[in-house]
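Now for the letters of each chain:
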Amino acid sequence: MSSVVTPKMLRPGAETAARPPAQRRRRKPLATRAYKVFRVVALIVIVLSFLAPLAWMFLASLKTNVDIYDASKTLIFEPTTANYETVLGRNNYLSFVFNSFWVAFASTALSLIIGVPAAYSMSRFAMRRSALVVLMARIIPGVSLLVPWYYVFSNLSMVGGYTVLILSHMFVALPLIVYILMSYYDSMPLELEEAARVDGLTHIGAFLKVTLPLSMAGIATASILAFIFSWNNFMFALVLSGADTKTLPVAIFNFVAYASIDWGGLMAASVVVTIPIMVIALFTQKYIVSGLTAGATKG
Amino acid sequence: MTVASLPQKSAWKAYSDWANNHRKWLFAAPAMAFVAILIIFPLAWTLYLSLTDASGSVRAESEFIGFANYTEVLTDTDRFWPAVARTFIFTGAALLVQMVLGMCIALLLWRPFKGEKWVRVAILLPLVATPVAVGMMWRLIFDPNIGFANQALAWFGIPAQPWLSGQDTALATVIFIDIWQWTPMVVIILLAGLTSLSEEPDEAARIDGANAWQRFKFITVPLMMPTIIVAILLRSIDALKTFDLLYATKGRGGGSFNEVETLNVYAYGLSFDYNDYGLSSTVLIIFFLIIIAAMWVLTRRRKDVQK
């Protein structure tokens, strides 16, 4: 017996499985059922606490200011689109929507052009120190760059133009793109490129024709996140945008006056900023998650 | 025709060879140049400005005054040190709750269940929402007179709270908002870590008779340590630099009593409300050193864990 290796010894789990079934059935289900109920309740509480405030914002955007002040009309009220008419019509929000979109789009695109090859090179040649320099951009507080930028760009009379805004938002987009794509290229096997080299392509040719098409998923991930973070950015546009080039997060402040706040308009404006980004998030959830967790799970 | 095209072809080939041989730097150069021009040069300038009395207009002359700004800032117990304290309270409290809560939620979501997809969407939404809009949204909810928060307290017979407008409650309230918005980020990162864990150690401990808490403490947490540190690293970078939420909820200077004025908000105010560029550069340099120190400690810790 002692010299025979039984299947039981090979699979330690088999021992529990071999326990008398009656005893198992009696003990386990009680604990698991209690846990299951607890888990469902906990999940409902979690989902509600994350969604309820957003729902509240949306409901308030459909109320008149009189209804917002009336506690009895918390949930039952007559919806109105007046706030949205104020926001989109009178306050010309569509042009701010365009500004936000254009700045986020252009800064993401330009960052991709310079960021993708850089990420590739930094990953393949293990340029950790150079990578650290680019990633510094993520660590530095934005204000410390704003002062010199403001100095230079106002002397060049460029403050208030799109160029400055796009450049400053690239500061948000570029490190994200480099960071995400570096970890993407780190985990991409070299063999395919080597095969392309054997087939007669140059190094750059292999990158353009083989590596680049294969990294489209990573590029999509990086672009979506870069776009979202650029869209949400507030500080750069607060200082560097002009009356015509305001982005949405800055334009929201039009509804906050010293004396009073137009709550209905403010909530409608907030919904207008958030909705596009949430719609993007709903459709690209998988990419966002993989981008946020890039480099987090492997050492 | 062959004679004419031959040298041209070799010129292209020479160029192509050169590009291929130098691709390492050719690929990295544009991004590096961008970073150098827009980040390193401004940083150097900030360092220079911190040694001058630059103020007023951006075109005004400024004089070199050595470390006078640094002595002024470091002895300023009125605005600077309280701002340092608030920065650490905000970051520390938000980070602590986010990590604990994030871990709990990640553990709840770990094993598959029905409707998983919808829960994950719900968790993603606060994270992608524009922080300024989030700030405005909570401003309405926490409004002392018309907000839902006090309405809800009234149901339980708890007296109304001033929330964001209270001198003592404002900081706690913005910490709460930060937790609401960024816990999902921690959940997503930790969940990715949990899913990549192998089952065997947990299984082995279960067979040895370890209960759920023991397995969590002695198996899951140590295995998750690298991921936990990444989450702490990413969150603390962003929490230290929080600006939009504070500006959206309390406005300039972190409110009329500077209730939520962190270093970032203070430096912004010095620059763009008071146009005191020299002093603000000094604050920024100190702030930057604090951030670097924090990052250094954390990455050190990460390397220790990986060993």
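What counts and what doesn't
Residues numbered from 1 in each chain as written. Chains lettered and ligands numbered in written order. Predicted model: local features only at pLDDT ≥ 70, side-chain atom pairs only at ≥ 80, totals over all residues. Heavy atoms only, no water. Helix = DSSP H or I, 4+ residues; strand = E, 2+ residues; numbered from the N terminus. Rg over C-alpha atoms; globule rule 2.2 N^0.38 Å. Buried < 20%, exposed > 50% of the residue type's maximum accessible area, 1.4 Å probe, protein only. Contact = heavy atoms within 4.5 Å. Lys, Arg positive; Asp, Glu negative; His and termini not counted. Charge placed at Lys NZ, Arg CZ, Asp CG, Glu CD. Domains from an automatic or database assignment. Buried area = accessible area lost by both parts, 1.4 Å probe. Salt bridge = Lys/Arg side-chain N within 4 Å of Asp/Glu carboxyl O. Polar contact = N/O pair within 3.5 Å; in protein donor to acceptor, adjacent residues only side chain to side chain. UniProt positions renumbered as here; feature names shortened; annotations may be inferred. Nonpolar A, V, L, I, M, F, W, Y, C, P; charged D, E, K, R; others polar. Core = buried A, V, L, I, M, F, W, Y, C linked by side-chain atoms within 4.5 Å. pLDDT = per-residue confidence, 0-100. Axes fitted to C-alpha atoms, helices over the stretch in contact; angles between N-to-C directions. Parallel < 35°, antiparallel > 145°, perpendicular 65-115°, else oblique. Left-handed = near helix turned anticlockwise from the far one by under 90°. Phe/Tyr/Trp six-rings, centres within 6.5 Å; stacked < 30°, edge-to-face > 60°.

Draft legend 1. Up close: the overall build of chain B. Scanning chain B from terminus to terminus reveals 13 helices and 0 strands. When the elements of chain B are put in sequence order from the N terminus, they spell out α-α-α-α-α-α-α-α-α-α-α-α-α. Relative to its length of 307 residues, chain B is extended, with a C-alpha radius of gyration of 26 Å against a globular reference of 19 Å. Considering chain B as a whole, with its 307 residues, one finds that 55% of them fall into the buried category. Within chain B, contacts between residues at least 6 apart in sequence are counted, and of these 66% link residues at least 24 apart. Looking at chain B, you have 24 positive and 23 negative side-chain charges, and the mean spots of the two groups are 12 Å apart.

Draft legend 2. Quick peek at the environment of A:Phe253. With respect to the helices and strands, A:Phe253 occurs in the loop between helix H14 (248-251) and helix H15 (263-283). Measuring from C-alpha to C-alpha, the distance between A:Phe253 and A:Leu266 comes to 8.1 Å, with 13 residues separating the pair along the chain. Discounting chain neighbours no more than four positions away, the residues touching A:Phe253 are A:Phe234, B:Val132, B:Met136, B:Tyr247 and B:Ala248.

Draft legend 3. Looking closely at the domain arrangement of chain B. All names here are of chain B. Its domain assignment divides chain B into domain 1 (15-49) and domain 2 (78-306). Of the roughly 400 Å² buried between domain 1 and domain 2 on both sides combined, carbon and sulfur atoms contribute 82%. Of all residues in domain 1, Leu43, Thr46 and Leu49 give up the largest surface area on contact with domain 2, accounting jointly for 84% of the area buried on that side. Applying the counting criterion to the domain 1 and domain 2 interface returns 0 salt bridges. Viewed at the interface, domain 2 and domain 1 are joined by 0 residue pairs in polar contact (both at pLDDT 80 or more).

Draft legend 4. Layout of the UniProt feature "transmembrane region" (unreviewed entry) in chain A. Residue and element names in this part refer to chain A. Those residues carrying the UniProt feature "transmembrane region" (unreviewed entry) are residues 37-59, 101-120, 132-152, 164-185, 206-231 and 263-283 in this numbering. For residues 132-152, the end-to-end C-alpha separation is 26 Å, with 90% helix and 0% strand making up the annotated structure. Between the C-alpha atoms that bound residues 263-283 the distance is 30 Å, and the span itself is 100% helix and 0% strand.

Draft legend 5. How the structure looks around the interface of chain B and chain A. Residue-level contacts link 93 residues of chain B with 91 residues of chain A. Across the chain B-chain A interface, the total number found is 1 salt bridge. The closest approach of N and O atoms between A:Arg138 and B:Asp238, which form a salt bridge, is 3.5 Å. No other element matches helix H2 (residues 23-49) of chain B, which puts 19 residues into the side of chain B that touches chain A. Grouping the constituent residues of the side of chain B that touches chain A by class yields 68 nonpolar, 13 polar and 12 charged.

Draft legend 6. Layout of the nonpolar core. Ranked by internal contacts, the top residues of the largest apolar core, which has 193 residues, are A:Tyr93, A:Met122, A:Trp149, A:Ile252, A:Ile288 and B:Leu109. It is helix H8 (residues 170-195) of chain B that contributes the most residues to this core, 16 residues altogether.

Draft legend 7. Fine view of the confidence of the model for chain B. Per-residue confidence for chain B averages 88 on the pLDDT scale, and 96% of its residues sit at or above 70. Per-element confidence in chain B is highest for helix H4 (residues 80-110) of chain B, whose mean pLDDT is 95, and lowest for helix H1 (residues 2-21) of chain B, whose mean pLDDT is 72.

Draft legend 8. Expanded view of the pattern of salt bridges. Residue and element names in this part refer to chain B. Across all of its chains, the model carries 13 salt bridges over all chains by this definition. For arginine 111, the salt bridge is made with glutamate 199, and the minimal N-O distance between the two is 3.3 Å. Separated by 88 residues along the polypeptide, arginine 111 in the loop between H4 and helix H5 (116-128) and glutamate 199 in the loop between H8 and helix H9 (200-207) bring together distant segments of the chain. The partly exposed category is assigned to arginine 111, whose relative accessible area is 32%. Here glutamate 199 falls in the partly exposed class, since its relative accessible area comes to 44%.

Draft legend 9. Molecular detail of the packing of helix H8 (residues 142-155) of chain A against helix H9 (residues 162-186) of chain A. All names here are of chain A. As a packed pair, H8 and H9 sit with axes 12 Å apart at the nearest point and diverge in direction by 155°. On the basis of their axis angle, the class for H8 and H9 is roughly antiparallel. Here H8 runs over H9; the crossing is right-handed. Mapping the contact onto sequence places Leu145, Trp149 and Phe153 in H8 and Val164, Leu167, Ser168 and Phe171 in H9. Here the contact of H8 with H9 is composed, by residue class, of 6 nonpolar, 1 polar and no charged.

Draft legend 10. Broad picture of the packing of aromatic side chains. Inspection of every chain in the model, using the stated rule, returns 37 aromatic pairs over all chains. Measuring from ring centre to ring centre gives 5.5 Å for A:Phe234 and B:Tyr247, while their planes differ by 50°; the resulting arrangement is tilted. Taken together, the positions of A:Phe234 in the loop between helix H12 (216-232) and helix H13 (235-240) and B:Tyr247 in helix H11 (residues 244-250) put the pair across two chains. A:Phe234 sits in the buried class, given a relative accessible area of 1%. Seen in terms of ring centroids, B:Phe142 and B:Phe176 are 5.9 Å apart; in terms of plane orientation they differ by 80°. Their pairing is edge-to-face. With B:Phe142 in the loop between helix H6 (131-141) and helix H7 (148-155) and B:Phe176 in helix H8, the pair connects residues that are 34 residues apart, well separated along the chain. Residue classification places B:Phe176 among the partly exposed positions, given a relative accessible area of 39%. Among the aromatic side chains, those forming a connected cluster through ring pairs are A:Tyr150, A:Phe234, A:Phe253, B:Phe243, B:Tyr247, B:Tyr268 and B:Phe272.

Draft legend 11. Geometry of the UniProt feature "domain: ABC transmembrane type-1" (unreviewed entry) in chain B. The positions UniProt marks with the feature "domain: ABC transmembrane type-1" (unreviewed entry) are residues 84-298 of chain B. Secondary structure content for residues 84-298 of chain B is 75% helix and 0% strand, and the end C-alpha separation is 19 Å.

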